[in-house]
Amino acid sequence: MREHTDTSRDPGPASAHRLKPLPALGGDQPRVEDISGLRIAEVMDSALASLSCRRGRNAEFAAFAERVFGFALPGPARAVMGTPYGAVWTGPEQWFIEAPFASHEDIARLLKGEFRDLASITEQTDGWVRFDVTGKGALDVFERLCPLDVQAMEDNAASRTLIEHLGCIVICRKAAVEFSVLGPRSAAASLHHALIAAARSAL
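These remarks concern the structure in this document.

**With respect to the overall build of the protein chain**
Along the protein chain, the regular secondary structure elements total five helices and 13 strands. Compactness check: the protein chain gives a C-alpha radius of gyration of 18 Å against a globular reference of 17 Å for 203 residues, within 12% of the reference. The buried share of the protein chain, reckoned over its 203 residues, is 47%. A separation of at least 24 residues holds for 56% of the contacts in the protein chain among residues at least 6 apart in sequence. Carbon and sulfur atoms form 49% of the exposed surface of the protein chain, whose accessible area is close to 10500 Å². Each charge class in the protein chain was averaged separately, 22 positive and 26 negative side chains, and the resulting centres sit 2 Å apart.

Following this line, the structure appears as structure tokens:
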């Protein structure tokens, strides 16, 4: 994630290069919007990495991943939210792994240290923006935004979809009322505008 020098402290030699993360939408704090009981919140306290099984290592990889994370990696259209790690299926033998940014800022390096030659791992935190959409009007909003059957999404369902021509991932954390949207960070403002416009139209 983009950073800038934190000048709020004494700019002595030891602090000259102290950096502070910047929200994808700019400003000093993540953006939060409340619209008729629905909350759309920019989230920047989550680290993200991609995890892919190496060819021919499926059984060994699956068993090892369960030991590392404390849960079996989810299958198609599913997610698992554990502590500290969560996992979202993104394709055959591929997942996004999330964890708290405060403790796992260097999540890719941490996972590489665990999996070594069992998996291919890449840093994803800076490539994506996350918006959490929570409230009773969430279903109406998503029905205007994308072709997903959000009415049928249960807890921990997850799916790729298009929102305003942007490739996104929608995660249902709690059926009907709590969703996360992952989209390209470079289009954060466009995705945020689409969410706000749909909420104002629906609610």
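**Topic: the packing of aromatic side chains**
Overall, the coordinates contain eight aromatic pairs when judged by the stated rule. Judged by centre distance (5.3 Å) and plane angle (80 degrees), the ring pair of Phe-96 and Trp-128 falls under edge-to-face. With Phe-96 in strand β8 (residues 94–100) and Trp-128 in strand β10 (residues 128–134), this residue pair connects regions lying 32 residues apart in the sequence. Each member of the pair, Phe-96 as well as Trp-128, is classed as buried. Put simply, the rings of Phe-61, Phe-64, Phe-69, Phe-71, Tyr-85, Trp-95 and Phe-115 touch in pairs and so form one group of aromatic residues.

**Topic: the state of the cysteines**
By the definition in use, this model includes zero disulfides. Free cysteine Cys-146: the closest other cysteine sulfur is in Cys-168, separated by 8.6 Å. No disulfide involves Cys-172; its nearest neighbouring cysteine sulfur is the one of Cys-146, lying 12 Å away.

**Observations regarding the pairing of strand β4 (residues 38–43)**
Here β4 lies mainly inside the structure; five of its six residues are buried. The pairing of strand β3 (residues 32–35) with β4 spans four bridges and is antiparallel. Its bridge partner lying in β4, Asp-34 is registered against Arg-39. Here β3 folds back onto β4 in antiparallel fashion, the turn holding two residues, of which Ser-36 has a positive phi close to 50 degrees. Taken together, the five bridges between β4 and β10 define a ladder with antiparallel strand orientation.

**Describing unusual backbone geometry**
Following Thr-83, the chain continues to Pro-84 via a peptide bond in cis, the omega torsion being 0 degrees. Mapped onto the fold, Pro-84 is located in the loop between β6 (79–81) and β7 (86–91). Residues other than glycine seldom take positive phi values, yet Asn-156 does so here, at roughly 70 degrees. Secondary-structure assignment places Asn-156 in the loop between α4 (138–145) and β11 (157–163).

**Re the sheet that holds β4**
Across the sheet, six strands lie side by side as β3-β4-β10-β13-β12-β11; this open sheet has antiparallel pairing. Strand pairing shows two members of the sheet lacking a second neighbour, β3 and β11, which therefore form its edges. Averaged over all pairs of adjacent strands, the angle between strand axes in this sheet comes to 20 degrees, irrespective of strand direction. Each of β4, β10, β11, β12 (166–174) and β13 (178–184) is contacted by α4, which is oriented at about 30 degrees to β13, the strand it contacts most.

How each quantity is defined
- Residues numbered from 1 in each chain as written.
- Predicted model: local features only at pLDDT ≥ 70, side-chain atom pairs only at ≥ 80, totals over all residues.
- Heavy atoms only, no water.
- Helix = DSSP H or I, 4+ residues; strand = E, 2+ residues; numbered from the N terminus.
- Rg over C-alpha atoms; globule rule 2.2 N^0.38 Å.
- Buried < 20%, exposed > 50% of the residue type's maximum accessible area, 1.4 Å probe, protein only.
- Contact = heavy atoms within 4.5 Å.
- Areas by Shrake-Rupley, 256 points an atom, 1.4 Å probe, with all protein chains shown as cover.
- Lys, Arg positive; Asp, Glu negative; His and termini not counted.
- Charge placed at Lys NZ, Arg CZ, Asp CG, Glu CD.
- Phe/Tyr/Trp six-rings, centres within 6.5 Å; stacked < 30°, edge-to-face > 60°.
- Disulfide = S-S within 2.5 Å.
- Pairing = 2+ DSSP bridges.
- Axes fitted to C-alpha atoms, helices over the stretch in contact; angles between N-to-C directions.

Any functional reading would require information that these geometric values do not contain.
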